[in-house]
Structure formats: C-alpha cells, structure tokens
Protein chains: 2
Amino acid sequence: MPMRNCRGQGWWHGKFRGCGYRLTVGREAILDLLSGGKGHLSAEDIYLKIHARYPNVGLTTVYRTLDVLSGLGMVHKFDFGDGRARYELAQGPKGEHPHHHHLVCTSCNRVIDYTDFIDDEVELLRRTEKGLGEKYNFKITSHVIQFYGLCAKCRENK
Amino acid sequence: MPMRNCRGQGWWHGKFRGCGYRLTVGREAILDLLSGGKGHLSAEDIYLKIHARYPNVGLTTVYRTLDVLSGLGMVHKFDFGDGRARYELAQGPKGEHPHHHHLVCTSCNRVIDYTDFIDDEVELLRRTEKGLGEKYNFKITSHVIQFYGLCAKCRENK
DNA sequence: TTGAAAGTGAAAACCATTTTCAATAACTGC
DNA sequence: GCAGTTATTGAAAATGGTTTTCACTTTCAA
Ligand SMILES: [Mn+2]
Ligand SMILES: [Mn+2]
Ligand SMILES: [Zn+2]
Ligand SMILES: [Zn+2]
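Residues numbered from 1 in each chain as written. Chains lettered and ligands numbered in written order. Predicted model: local features only at pLDDT ≥ 70, side-chain atom pairs only at ≥ 80, totals over all residues. Heavy atoms only, no water.

(A) Structural detail: the coordination of the zinc ion (ligand 3). Residue and element names in this part refer to chain A. On the protein side, the zinc ion (ligand 3) has Cys105 (SG), Cys108 (SG), Cys151 (SG) and Cys154 (SG) as donor atoms, found 2.2 to 2.4 Å from it. Donor residues for the zinc ion (ligand 3) sit on one chain with the sequence pattern C-x2-C-x42-C-x2-C. Residue class for Cys151 comes out buried when judged on its relative accessible area of 3%. Overall, Cys154 belongs to the buried group, its relative accessible area being 13%. (Donors = N, O, S within 2.8 Å, 3.2 Å for Na, K, Ca; no water. Buried < 20%, exposed > 50% of the residue type's maximum accessible area, 1.4 Å probe, protein only.)

So, in structure tokens, the structure goes:
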C-alpha cells in the first residue's frame, strides 16, 4: 500500500507533538528534505528547495523551524566559516545519519563527512568530557570537531 | 636602557616585514593588545580598547588587521555561536599562549581555555590528521575542538 | 627627500538573520 | 463538523556584524 499523502506519519510526529509543537506543512517539508539527502544545507538552500514545491512557505519559516529543530536536538547547526549557518539532521532514532565529524576545505568550502577514527575519537571525547566536566563543574552537552585544510581538488589546482 | 618609543621592535616585526606588510600604529597596537592579556576578544572589544589610546584607529582597520593576522596564522579566529567572531593570539615563537581547546557555555557564552587532556587529544589529532589526510588526499592545516554545555555558574542559577 | 604603493577612516553598502504584526492554520473540546 | 483558543505564518522592515568604497595619508625603499 503506497504512502498516504497525509501529514503526521513521520517518525518525528511523536517528538514534535510531545513538546507542544504543531505539525505544519512547512515543518514537515523541511524535515523531509533534511531526512532525504545530503546535509550541510544553508537556510537559503532549504528555502529554495522547499519553496519550489510549496510556494507559500517563506524563508522566515525555514529559519524558525530550524531553530525549533535545533532546540529539540533534531538538527545540528554548524558554522564552517563561510558566513552562513549550515544544518544537518541529527542522528535518527534508528541510527540513521550516524554521528560524524567534518573536514572543511578552506579554499572551496567543500565539507567532507568522515566516520573513520570516530571510535577512537568518541572514546577520547568521553574521557575528556568526564574529566573536564569534573574539573570545571561544566555540564557538557555537545562538541564540535572540525579539521580545516585543502581538499584533493583544490590541491590539484594549486 | 629603557625601551625606545619607536615601532618595529616586536617579535612580529620580522614576520610582518618578511611578508611585505608595513608596520603601522594600528597594527602594532592590536598586536600589543592581543599579546597582553585575555583572548576571545571581538573586533569591537579590540576597537574600543585601542581607540581609547589611539583615537584615530578605526574599527575598519581593526577588522582589516585581524584578517591579515589570521592569514599569517598569527591569530586564530573563532566562532563561539554568539554572532560575532572572536580572536586570540596564536602560539608565539617562544611557546607563549600554548595550544588549547575551548569549553563554551551555551547560556552565558563564557569561554574556558583548557589544556588538560591536551596531550591525549593532540596525539589522537595527529593520528587522525594523518589517516584522514591519506584517505581523502586532504591537506589538514588546523582543527577546532570545542565542547558546549553549561558552566558552573549557570548550573547553580538553573 | 621623494614617489609609488600600501594603508587608512568615515560612510555607505552588504547580507544573513531576526523582529514585527496582522492574517491564517492547527489543535482542543464540544 | 464547529467554534474558540493559540501557535504559526509570510511579507516587509529592522538589526547588526562585517565588508566595500574612495579620497586621503602613511610607510618605506631608493
Ligand atoms: Mn556532516
Ligand atoms: Mn582560547
Ligand atoms: Zn577545496
Ligand atoms: Zn555559563
């Protein structure tokens, strides 16, 4: 049986409603888009794609929805140094979009996800978070690890 | 013999001139300020302090100088998520301002430098940079490691 | 000392993001 | 369904950190 074209069937339905948020066309469309493909989209990227299919979803709503989703921990907001925020879906309930870190090319702004070494890194992070949390009485909730440099393409064209 | 009041005596003289940059009052003042004290200053922070002593150094020059210094690798530019860039002097030639990472309070925006665990972290980073560099043919030049959470003060006032 | 080029301040422009506000859509209880 | 409450919305205006412009000044090598 094909997926019915009615809203409120997504895995996020519960989380959304549970927090008192209403399910709207724009929010659903944005979550769909983020679930569907590549990450590191800017608000405008998202707006342009959404707006093509739903012409009455405005850029303001995109910003507001991304804020809500960030607050709920459902998307992560990144700054890769190009002057606009980038968003990507957080790890889903079934392990989709697994936790990863980033390589950022300072020349072309390409962003590479990597999960190599993630185990070592996560283990170190765990220890570090514990140690720092105790020493500074600091409650760590998230971390950012990014490597900057030159990507393969930009090294060729150097 | 007391320090003469002429410019061009700082440790950065060589690096500056070597790269074809001219030594100016504003640049010297900014480097002095950054060398002198606490990091994580915004361009406006710097401007206000500099401008008090040198009223004819403008905010534009502060931004331009910070760009130059970033380009030379003499200062690091950070985004801690409060909408303005923060700058701090990079590790000096004699090991001043040693390499460190950051704890960022998402409530009050306080930033804590830490060097605990730095050895473990740096060792991991070295391995990771090597592995990633080979696998992705990516030339890594720098990294950012930041932990976000609630500082001690903000946990009390929760 | 002098000239070419780098550097500068003030004001204007830029531009990603936020705010405002009247209109609309989503939910709740009937 | 229906109405009432309230969250949510789009368009336009405002915000605010940063960059650009441009005529003027300073640096520095010759
Ligand atoms: Mn990613
Ligand atoms: Mn620091
Ligand atoms: Zn590149
Ligand atoms: Zn705090």
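The discussion continues.
(B) A look at the protein's contact with DNA strand C. Near DNA strand C there are 21 residues, and of these Tyr63(A), Arg84(A), Asn56(B), Val57(B) and Thr61(B) occur at the shortest range. Looking at DNA strand C alone, sugar and phosphate atoms form 71% of those within 4 Å of the protein. Contact between DNA strand C and Ala85(A): a phosphate oxygen at 2.8 Å from a main-chain N or O atom of the residue. Interatomic distance of 2.7 Å between a side-chain N/O atom of Arg64(B) and a base nitrogen of DNA strand C. (Near = heavy atom within 4 Å. Polar contact = N/O pair within 3.5 Å; in protein donor to acceptor, adjacent residues only side chain to side chain.)

(C) Representation of the protein's contact with DNA strand D within the structure. Surrounding DNA strand D, one finds 20 residues, the nearest of these being Asn56(A), Thr61(A), Arg17(B), Tyr63(B) and Arg84(B). For DNA strand D, the fraction of protein-proximal atoms (within 4 Å) that sit in sugar or phosphate groups is 68%. Here a base oxygen of DNA strand D and a side-chain polar atom of Arg22(A) are 2.9 Å apart. One of the side-chain nitrogen or oxygen atoms of Arg84(B) is found 2.5 Å away from a phosphate oxygen of DNA strand D. Counting residues per element, the ones that place at least two in the surface near DNA strand D are α4 (59-71) of chain A together with α4 (59-71) of chain B. Looking at the surface near DNA strand D residue by residue, the class counts come to five nonpolar, seven polar and eight charged. (Helix = DSSP H or I, 4+ residues; strand = E, 2+ residues; numbered from the N terminus. Nonpolar A, V, L, I, M, F, W, Y, C, P; charged D, E, K, R; others polar.)

(D) Spotlight on the pattern of salt bridges. A complete count under the given rule lists 14 salt bridges over all chains for this structure. Between Asp82(A) and Arg86(A) there is a salt bridge, with the nearest N and O atoms lying 2.7 Å from each other. Note that Glu123(B) is salt-bridged to Arg127(B), the shortest N-O span being 3.5 Å. Here the residue Glu123(B) and the residue Arg127(B) both occupy positions in helix α5 (residues 118-136), the gap between them amounting to four residues, near one helical turn. Of the residues examined, Glu123(B) reaches a relative accessible area of 35% and is grouped as partly exposed. One salt-bridge network, in which partners are shared between bridges, spans Asp120(A), Glu123(B), Arg126(B) and Arg127(B). (Salt bridge = Lys/Arg side-chain N within 4 Å of Asp/Glu carboxyl O.)

(E) Highlighting the sheet that holds strand β2 (residues 75-79) of chain A. Residue and element names in this part refer to chain A. Taken in spatial order, the three strands make up an open sheet running β1-β3-β2, and their pairing is antiparallel. Each edge of the open sheet is held by one strand with a lone partner, namely β1 (41-42) and β2. Here two bridges tie β1 to strand β3 (residues 85-89), and the two strands are oriented antiparallel to one another. From the neighbouring strand, Leu41 faces β3, where its bridge partner is Tyr87. Contacting β2 and β3, α4 crosses the sheet at an angle of about 110° to β2. (Pairing = 2+ DSSP bridges. Contact = heavy atoms within 4.5 Å. Axes fitted to C-alpha atoms, helices over the stretch in contact; angles between N-to-C directions.)

(F) Local environment of the coordination of the zinc ion (ligand 4). Residues and elements named next belong to chain B. Binding of the zinc ion (ligand 4) to the protein goes through Cys105 (SG), Cys108 (SG), Cys151 (SG) and Cys154 (SG), at separations of 2.2 to 2.3 Å. Its four donor atoms give the zinc ion (ligand 4) angles of 105 to 114° at the centre, a pattern that matches the tetrahedral case. Along the chain, the residues donating to the zinc ion (ligand 4) fall in the pattern C-x2-C-x42-C-x2-C. Since its relative accessible area comes to 0%, Cys105 is described here as buried. (Tetrahedral: all angles 85-135°; square planar, octahedral: opposite > 155°, others 65-115°.)

(G) How the structure looks around the packing of aromatic side chains. All names here are of chain A. Overall, the coordinates contain seven aromatic pairs over all chains when judged by the stated rule. An angle of 50° between the planes, with centres 6.2 Å apart, marks the rings of Tyr114 and Phe147 as tilted. Of the two residues, Tyr114 sits in strand β5 (residues 111-114) while Phe147 sits in strand β6 (residues 139-150), which places them 33 residues apart along the sequence. Across this residue pair, the class does not change: Tyr114 and Phe147 are buried. (Phe/Tyr/Trp six-rings, centres within 6.5 Å; stacked < 30°, edge-to-face > 60°.)

(H) Region of interest: the interface of chain A and chain B. Tallying the contact residues gives 37 residues for chain A and 37 residues for chain B. Interface area lost by chain A to chain B is led by Phe138(A), Phe147(A) and Tyr148(A), which between them contribute 19%. Counting across the interface, chain A meets chain B through two salt bridges. With a shortest N-O distance of 3.3 Å, Asp120(A) and Arg127(B) are connected by a salt bridge. If you list the elements that add at least two residues to the side of chain A that touches chain B, you get β4 (101-105), β5, α5 (118-136), β6 and α6 (152-156) of chain A. It is β6(A) that provides the largest number of residues to the side of chain A that touches chain B, a total of twelve residues. Grouping the amino acids of the side of chain A that touches chain B by side-chain chemistry returns 19 nonpolar, eight polar and ten charged. By the bridge criterion, eleven bridges tie β6(A) to strand β6 (residues 139-150) of chain B in an arrangement that is antiparallel. For Ile145(A), the partnering residue across the bridge sits in β6(B) and is Ile145(B). (Buried area = accessible area lost by both parts, 1.4 Å probe.)

By themselves, these observations are geometric and do not establish any function.
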